[in-house]
Amino acid sequence: MRNHTGHGQTDHSAHGSHGGHGSHGGHGAHAAHGGARPGGLAVSESGYTLELDTAIFTAGAQPVRFRVIGPDGQPVTEYTPEHEKELHFIAVRRDTAHFQHVHPVRDEKGTWSVELALEPGDWRFFADVHPAGHGGTITLGIDASVAGPYDPQPLPEATGTARIGEYTVALDGELLPGEASELTLTVSRNGRPVTDLQPYLAAYGHLVALRAGDLGYLHVHPEGEPGDGTTAPGPGITFMAVAPSAGTYRLYLDFQHEGTVRTAEFTVRTPALGPSAAPQAAPEHQGHHHSAHAHH
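Residues numbered from 1 in each chain as written. Predicted model: local features only at pLDDT ≥ 70, side-chain atom pairs only at ≥ 80, totals over all residues. Heavy atoms only, no water.

**Some details on the overall build of the protein**
Then comes step 1: Within the protein, the secondary structure is distributed over 0 helices and 20 strands.
Then comes step 2: When burial is assessed residue by residue, the protein has 51% of its 296 residues classed as buried.
Then comes step 3: Taken as a whole, the protein presents about 12000 Å² of accessible surface, with 49% of it coming from carbon and sulfur. (Helix = DSSP H or I, 4+ residues; strand = E, 2+ residues; numbered from the N terminus. Buried < 20%, exposed > 50% of the residue type's maximum accessible area, 1.4 Å probe, protein only. Areas by Shrake-Rupley, 256 points an atom, 1.4 Å probe, with all protein chains shown as cover.)

Structure follows, in C-alpha cells:
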C-alpha cells in the first residue's frame with residue numbers, strides 16, 4: 001500500500017522503497033503516517049515546479065501541455081516510473097466534478113502533453129512524479145481556468161455505493177483522520193460479483209482521495225498486486241488509507257474490466273477525533289521522513 005499524502009513535504013531520503021511497483025511488498029509498513037499533510041497543495045515542492053503552457057482554456061476537448069522544472073531550472077527529462085508510468089496526471093474541477101486520471105506523453109525536451117475534456121469553471125491539475133535522483137514521489141498542483149458559463153455542482157451526498165452503467169461498487173470501511181484504516185471496494189455487475197478484474201497499471205484498482213475545500217490530494221494503492229499468488233482479481237479491492245484531517249473527501253476508484261477502465265465516485269465524511277484520541281505515528285515511523293499521494 002502507498003498512501004502518498006504530501007510527498008515532497010519533507011525529505012525523502014529514508015524512502016527508498018518507493019521505487020517502481022516491484023517494491024510493493026514492503027508497503028504494508030507504510031500504513032500509518034499520522035498527521036501528515038496531503039499533497040498537491042503547492043505548485044512547487046522540493047525544488048520542483050509544475051509549469052503550464054497556459055492556465056486559461058476554452059471549453060471542450062483540447063491538448064494541455066506542461067513541464068516539471070527541476071532544481072537546475074530546466075525541464076526534467078528523466079523519471080523513475082511508478083505503477084508503469086513516469087507521470088500520473090489528475091484533472092478535476094474545483095467542485096470535484098469531471099475527474100480525469102490520465103497519462104500524458106513526454107517529448108525529449110521534457111514537455112508533457114495530454115488531451116483533456118474541460119468544462120467551464122475553475123480546475124486543479126495534479127502531476128504525480130518521481131524525478132530520477134530524487135528521494136521519492138512528489139505531487140505538484142496548479143490551478144487552471146476554463147472560460148464559459150460555469151454551473152457549479154453541489155457536493156454529492158455521502159453514500160456507500162456508486163453506480164457506473166451495469167456496475168455497482170460498494171464501499172466498506174471508514175476513512176479516519178491521522179489513522180490507518182481499511183477500505184474495501186467491492187465490484188459487481190448486474191448484481192453478480194466481478195471476479196475477473198484486469199490489472200490496470202500493475203494493480204486491480206487505483207484510489208484517489210481529494211479533500212473538499214482545498215483539494216488536498218491522496219493517491220492510495222491497494223494491498224497486494226496482480227500475480228503475487230494471494231491477491232484475487234475481485235470482487236473486493238482492499239486499501240489501507242489515512243486521512244490527513246477530519247473533513248469531507250471525494251474518493252475516485254479506477255478499475256478495469258473487459259478492457260475498459262471505469263471510475264466509481266464516492267463522498268465520505270471523516271469524523272473529528274477528540275484531543276484524547278489524537279493520533280500518534282506508528283512506532284516504526286518515529287523520525288520517518290515522509291509526509292501521504294496519490295498515485296498513482
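**Regarding the pattern of salt bridges**
Then comes step 1: One pass over the structure, following the stated rule, counts 10 salt bridges.
Then comes step 2: For Arg189, the salt bridge goes to Glu166, with nearest N and O atoms at 2.8 Å. Placement of Arg189 in strand β14 (residues 181-189) and of Glu166 in the loop between β12 (161-164) and β13 (167-172) is noted, with a sequence separation of 23 residues between them.
Then comes step 3: Here Glu166 falls in the partly exposed class, since its relative accessible area comes to 41%.
Then comes step 4: Put simply, Glu51, Asp53 and Arg67 are held in one network by salt bridges that share partners. (Salt bridge = Lys/Arg side-chain N within 4 Å of Asp/Glu carboxyl O.)

**Notes on the environment of Ile56**
Then comes step 1: Among the structural elements, Ile56 can be located in strand β4 (residues 56-57).
Then comes step 2: Put simply, Ile56 and Asp122 are 66 residues apart on the chain and 9.6 Å apart in space, counted from C-alpha to C-alpha.

**Some points on the pairing of strand β17 (residues 216-221)**
Then comes step 1: The element β17 is largely enclosed, with a buried count of 6 among its 6 residues.
Then comes step 2: Covered by surrounding structure in β17 are Gly216, Leu218 and Val220 together with Tyr217, His219 and His221, the residues of both alternating faces.
Then comes step 3: Summarising the sheet, strand β16 (residues 206-211) and β17 pair through 5 bridges and their orientation is antiparallel. Pairing of Val208 across the sheet is with His219, part of β17. (Pairing = 2+ DSSP bridges.)

**Considering the sheet that holds strand β11 (residues 138-146)**
Then comes step 1: The mixed open sheet is built from 5 strands, whose spatial order is β4-β11-β10-β6-β7. Here the strands that pair on one side only, and so sit at the sheet edges, are β4 and β7 (100-102).
Then comes step 2: In this structure, strand β6 (residues 87-93) lies alongside strand β10 (residues 121-129), joined through 7 bridges in antiparallel fashion. If you follow Leu87 over to β10, its bridge partner there is Val129.

**Examining the environment of Arg262**
Then comes step 1: For Arg262, the position within the fold is in strand β20 (residues 260-270).
Then comes step 2: For Arg262, a relative accessible area of 19% corresponds to the buried category.
Then comes step 3: Between the C-alpha atoms of Arg262 and Tyr167, which are 95 residues apart in sequence, the distance is 9.2 Å.
Then comes step 4: Those residues in contact with Arg262, other than ones at most four positions away along the chain, are Ile164, Tyr167, Leu253, Asp254, Phe255 and His257.
Then comes step 5: Among the polar contacts listed, one links the side chain of Arg262 to the backbone oxygen of His257, at a separation of 3.2 Å.
Then comes step 6: Only 3.4 Å separates the side chain of Arg262 from the backbone oxygen of Thr260, close enough to count as a polar contact. (Contact = heavy atoms within 4.5 Å. Polar contact = N/O pair within 3.5 Å; in protein donor to acceptor, adjacent residues only side chain to side chain.)

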